[in-house]
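Summary of the model geometry
Residues per chain, in single letters:
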Amino acid sequence: MSSILLGTHEVLNQSTPLAGHNVYGTDRALRDALMFHAPQADEAQRIELGAQVGDLAMQTHARLANVHKPVLHTHDRFGRRSDTVEFHPSYHALLGAAVGAGLHATPWSLGPGAHIERAAGFLMFTQLEPSALCPVSMTYAVAPALRGNAAVFADWFDKLASTRYDPNLRFVDEKPGVTMGMGMTEKQGGSDVRANTTRAEYIEDTAWGRCYRLVGHKWFFSAPMSDAFLVLAQTPSGLSCFFLPRVLPDGSLNAIAIQRLKDKLGNHANASSEVEFNGALAWLVGEEGRGIAQILEMGTLTRLDCALGSAGLMRGATALALHHASQRRAFGKLLAEQPLMKNVLADLALESEAATALALRLARAVDRQDDPFEALMRRVLTPVAKFWVCKRGAALAQEAMECLGGNGYVEAHGEGVMARIYREMPLNSIWEGAGNIMALDLLRAVKKRGGQGGDGVGALTAELDAARGANPQLDRFAAALLARLDAADDDAGMEAGARRLAQDVALAAQASLLCRHAPDFVFDAFCRSRLGGDGPQVFGTLPGAVDTDAIIRRAMPA
Ligand SMILES: Cc1cc2nc3c(=O)[nH]c(=O)nc-3n(C[C@H](O)[C@H](O)[C@H](O)COP(=O)(O)OP(=O)(O)OC[C@H]3O[C@@H](n4cnc5c(N)ncnc54)[C@H](O)[C@@H]3O)c2cc1C
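Values in this document were obtained by computation on a predicted structure and should not be read as measured data. (Residues numbered from 1 in each chain as written. Predicted model: local features only at pLDDT ≥ 70, side-chain atom pairs only at ≥ 80, totals over all residues. Heavy atoms only, no water.)

Description of the overall build of the chain
Under the convention used in this document: Helix and strand labels come from DSSP, where a helix needs a run of H or I of at least four residues and a strand needs a run of E of at least two; each type is numbered from the N terminus. The classification of residues rests on relative accessible area computed with a 1.4 Å probe and restricted to protein chains. Under 20% of the type maximum is buried, over 50% is exposed, and intermediate values are partly exposed. Should any heavy atoms of two residues lie within 4.5 Å, those residues are considered in contact. To measure how exposed things are, a 1.4 Å probe is used in the Shrake-Rupley method; for residues, cover is taken only from the protein chains shown. Note that His is not counted, nor are the chain ends; the positive residues are Lys and Arg, and the negative ones are Asp and Glu. For charged residues, the charge sits on one atom: NZ in Lys, CZ in Arg, CG in Asp, CD in Glu.
A tally of regular secondary structure across the chain gives 17 helices and 13 strands. With respect to the three principal axes, the spread of C-alpha positions in the chain is 75 × 70 × 45 Å. The buried share of the chain, reckoned over its 558 residues, is 57%. For the chain, restricting intrachain contacts to residue pairs at least 6 apart in sequence, the fraction spanning at least 24 positions comes to 72%. Surface exposure of the chain reaches about 22,300 Å², of which carbon and sulfur atoms provide 53%. One finds the centroid of the 55 positive side-chain charges in the chain at a distance of 3 Å from the centroid of its 61 negative side-chain charges.

Structure below.
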C-alpha cells in the first residue's frame, strides 16, 4: 500500500481513485448480457469506449464540467437579448465524445443491433458523466417522433445522426451536426400535460409545413442550447406537438427567452432552464390535437435512457464501493474480507447486475422495431424498467456511499465521484414520468387485452416461460404474478397497488433474464433474496446460503 510522507503523519490505508480501467472489460454483467442479446456483435467499439470512459483525462473533464456550472447570459453588454448558456470547455469535450461515439440519433441510421450497442455505450458513458448525456438522450429519442413532419425530418435527420458535435448557434444548413431537446412541463402541470396553457396560433404554410406562433412558457427546458426542440402547445383542436428551432431559416434567433437556469441538486454540468415563448415560430409535427401521442414517441425512448442511465450509475457506484473495500482495512482485515461487508457488497453487485439485465432487455425490444412480440415487451417493460431500476438506483447509491465511510459523502471539488452519483440518482426517477406515473402506465399496458398480435400479459407470460422450471421460487413468484395480472381488468383496487405490481413484474423479468445470461450463483442469490418473503430488503441481508465471494469476484472492477 502506498504512503505519502507529509509534515505530521503518513497517509495510510486510504484507497486510490478508480481510474485507468476499461469500464467495458471489467463489467462481466454487461458483457454477459450483451453476449446474450447480440452474440455475433464485434466488441472492438465497446472496448474502445470502455477505455475512453475509464480514462483519467476524461474523468478530469467530468469533474471540471460539474464544478464549473453553466452560466446563463440573458443579454449582451449592450443590453440586447442574447439568451445563451456558456459551458466549461470540459462539457463540450464530454458532449463531443458522446456524440462521436454515436450515442445520440446515430442508431436510427444503422441496421439491426445498433440500439443494443448504443445502449451499452450509454450505460458505460453515464459512469463517466451523466448530465452531458441529457441532450444526447433527447436527440436519440426525438428521431422517430420527428417523422411526423416529413419535410423537417428530411432536412434535420442526417445532422441529428451525424457523429460531429458543433456547439455553435447557427441554422441547421451551416452545421455538421445538431442536437434536440423537448419542452412539455409547465408551471401548472408536468405529469398532467393536458393542463398546458402555451398557445399556438396558425400563421401560414411553408416548406416545413404548417407554421405557428407560440406564446407561453416551459417551466423545465433542459439543454436550452440545443438546436431545436419538440414542444407541446394548445391549438383549437387541442394539445399539439411542434418543432421549435432555436435559429430560424433566415438566420435570426427564434423568440425563446431563457429566463433562468434551475439551481439543481445534481446534474450540474447540464443546463436546465425556464423559458418563455413570445411569438416563437414552430412547425406542426403530426396532427393537430394529437400532440401527447406524438411527443410520447419521444418520451418512451427517454424512459429507456432513464433505466440505462440508472443502471450505469449503479454499476459505477458498485465498482467504486468494491474498489474501496478491496483496499481499505479496518479491525485488522480488508473491508472486502469482513463477512458483513461481503454481504453488503454482494447484494449491491446483484442489484446492479439485475438492473443492467433489465435495461438491456428493454433496449433489445427497442432494437427489434418490426417484431410484434418485442413491441408488446417494449410497452410493458418501459414503465417497469423506468420505475424499478431508477427507484433501486437511489437506494443503492446511498448504500454504496456508506461503503466508503465518510469519504463517500465528501465532494472534494468534484473529486468525490460517489457523492456526484448520489446527487444524480433521483433525477432519472423524477423526469420523464415520476414513479407513480410509470406504475399507472403499467396498468394501462396490461389492461389492453387480446389485441391482434396478442397482449402485454401474453408477451410477459412467454418471456417468463423461458426460465420456467429453473428455480421453484421463481416459478411460484411468476405464477402468482401472472394470476394477479389476469385479474387486472376487474380489480378497481389495482391503482393503489400499482407500484407493487411494477416492482413484481420487474423482479420476475430480472430473475428470468439472470437465469438465461448470468452464472447460477447470481441467479440463485437473486431468487433467494428478492422473490421470497416481502420482497427486497435493506442491502446486506442476503441469506447465508448465497455465495458472496463468487458474486464479489465477478463484480470487482479490476
Ligand atoms: C433536472 C430536471 C430536468 C428536466 N428537464 C425537462 C425537460 O427538458 N423538458 C420537460 O418537459 N420537462 C423536464 N423536466 C420536468 C419533469 O419531467 C417533471 O418534473 C416531471 O414529469 C414531473 O412533473 P411535475 O414536476 O409537474 O410534478 P407533478 O406532475 O406535480 O407530480 C408530482 C408527484 O405527483 C405524482 N402524481 C402525479 N399524478 C399522479 C396520479 N394521478 N396518481 C398518483 N400520483 C401522481 C407524480 O408521480 C409525482 O411524484 C425536468 C425535471 C428535472 C428535475
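We are not done yet, so read on.
Regarding the packing of aromatic side chains
As a reminder, the rule being used: Aromatic rings from Phe, Tyr and Trp, with only the six-membered ring used for Trp, were paired whenever their centres fell within 6.5 Å, and each pair was classed as stacked if the ring planes differed by under 30 degrees, edge-to-face if by over 60, and tilted otherwise.
One pass over the structure, following the stated rule, counts 14 aromatic pairs. Where Trp 156 meets Phe 243, the ring centres are 5.0 Å apart and the plane angle is 75°; that geometry is what we call edge-to-face. Taken together, the positions of Trp 156 in helix H7 (residues 150–161) and Phe 243 in strand E9 (residues 238–245) put the pair 87 residues apart, joining distant regions of the chain. Phe 243 shares its class with Trp 156; the two are buried. Seen in terms of ring centroids, Phe 221 and Phe 277 are 6.0 Å apart; in terms of plane orientation they differ by 70°. Their pairing is edge-to-face.

Digging into the nonpolar core
Operational definition: Take the buried residues of types Ala, Val, Leu, Ile, Met, Phe, Trp, Tyr and Cys, join any two whose side-chain atoms come within 4.5 Å, and each joined set is a nonpolar core.
Trp 156, Leu 230, Phe 243 and Leu 244 are the most contacted members of the largest nonpolar core, which has 183 residues in total. When residues in this core are grouped by element, the largest group, 17 residues, is from helix H9 (residues 339–367). Apart from residues no more than four positions distant in its own chain, Trp 156 is found in contact with Leu 146, Val 172, Val 178, Trp 208, Asp 227, Ala 228, Phe 243 and Pro 245.

Topic: the side chain of Glu 432
Counted only if it meets this: Each salt bridge in this description consists of a side-chain nitrogen of Lys or Arg and a carboxyl oxygen of Asp or Glu lying within 4 Å of one another.
With respect to the secondary-structure elements, Glu 432 resides in the loop between helix H11 (417–430) and helix H12 (435–447). Among buried Asp, Glu, Lys and Arg side chains, Glu 432 stands out as unpaired, with Arg 303 the closest opposite charge at 4.3 Å. Those residues in contact with Glu 432, other than ones at most four positions away along the chain, are Met 182, Met 184, Gly 299, Thr 302, Arg 303, Cys 306, Lys 386 and Met 438.

Here we look at the site of the ligand
Definition in use: Throughout, near means a residue has at least one heavy atom within 4 Å of the molecule or strand. Each polar contact in these results corresponds to two N or O atoms within 3.5 Å; when the atoms are within protein, one needs to be able to donate a hydrogen and the other to accept it, and residues that are neighboring in sequence are counted only if both atoms are side-chain atoms. Residue classes follow a fixed rule: Ala, Val, Leu, Ile, Met, Phe, Trp, Tyr, Cys and Pro count as nonpolar, while Asp, Glu, Lys and Arg count as charged, and any other residue, Gly among them, counts as polar.
For the ligand, the set of nearby residues contains 21 residues, the closest of which are Met 184, Thr 185, Gly 190, Ser 191 and Ser 222. At 3.4 Å from a nitrogen atom of the ligand is found a main-chain nitrogen or oxygen belonging to Phe 220. A distance of 3.3 Å separates an oxygen atom of the ligand from a polar backbone atom of Glu 432. Contact with the protein chains hides 67% of the accessible area of the ligand, taken as 980 Å² for the molecule alone. Mapped by element, the contributors of at least two residues to the shell around the ligand are strand E5 (180–183), strand E7 (209–222), H11 and H12. Taken together, the residues of the shell around the ligand break down into 10 nonpolar, 9 polar and 2 charged.

So, the side chain of Asn 254
Checked against the element boundaries, Asn 254 lands in the loop between E9 and strand E10 (256–261). If sequence neighbours within four positions are ignored, Asn 254 has contacts with Leu 244, Pro 245, Arg 246, Leu 248, Ala 280 and Leu 281.

Description of the packing of helix H2 (residues 44–54) against helix H5 (residues 114–128)
Which entries qualify depends on this criterion: Between N-to-C directions, angles span 0 to 180 degrees; the directions come from axes that are lines fitted to C-alpha atoms, helices contributing only their stretch in contact. For classification purposes, an angle smaller than 35 degrees is called roughly parallel, one larger than 145 roughly antiparallel, one from 65 to 115 roughly perpendicular, and anything else oblique.
With their axes 9 Å apart at the nearest point, H2 and H5 run at an angle of 10° to one another. What the angle tells us is that H2 and H5 run roughly parallel. When H2 is examined against H5, the residues Arg 46, Leu 49, Gly 50 and Val 53 are found in contact with a partner set consisting of Glu 117, Gly 121, Met 124, Phe 125 and Leu 128.

Details of the environment of Asp 263
By the secondary structure assignment, Asp 263 is in the loop between E10 and strand E11 (272–285). Sequence separation between Asp 263 and Glu 48 is 215 residues, and the spatial gap between their C-alpha atoms is 35 Å.

Section: H12
We apply this condition: One less than the residue count of a helix, multiplied by 1.5 Å, gives the span that helix is expected to have.
When the terminal C-alpha atoms of H12 are compared, their 19 Å separation across 13 residues agrees well with the 18 Å that a helix rising 1.5 Å per residue should span. By the burial criterion, the buried members of H12 are Gly 435, Met 438, Ala 439, Asp 441, Leu 442, Leu 443, Ala 445 and Val 446. Tucked into the core, H12 has its buried residues touching helix H8 (291–325), helix H10 (372–403), H11, helix H13 (456–465), helix H14 (472–486) and helix H15 (498–517).

Details of the pairing of E5
Strand residues, when the strand is regular, have side chains that alternate between the two faces of the sheet. To keep things clear, this is the line we draw: Any two strands are treated as partners once DSSP identifies two or more bridges connecting them.
Residues Met 180 and Met 182 point to one face of E5 and Gly 181 and Gly 183 to the other, with burial holding for every one of them. The pairing of E5 with strand E8 (residues 228–235) spans 4 bridges and is classified as parallel. Note on E8: the bridge partner recorded for Gly 183 is Val 231.

Structural notes on the packing of helix H6 (residues 133–146) against H7
Put simply, the rule is: Put simply, a crossing is left-handed when the front helix is turned counterclockwise from the back one by less than a right angle, and right-handed when it is turned clockwise.
Relative to each other, H6 and H7 sit at 155°, their axes nearing to 11 Å. Comparing the axis directions of H6 and H7 gives the class roughly antiparallel. Considering only the axes of H6 and H7, their crossing is left-handed. Along the contact surface, H6 presents Thr 139, Val 142, Ala 143 and Leu 146, while H7 presents Val 152, Phe 153, Trp 156, Phe 157 and Leu 160. Looking at the contact of H6 with H7 residue by residue, the class counts come to 8 nonpolar, 1 polar and no charged.

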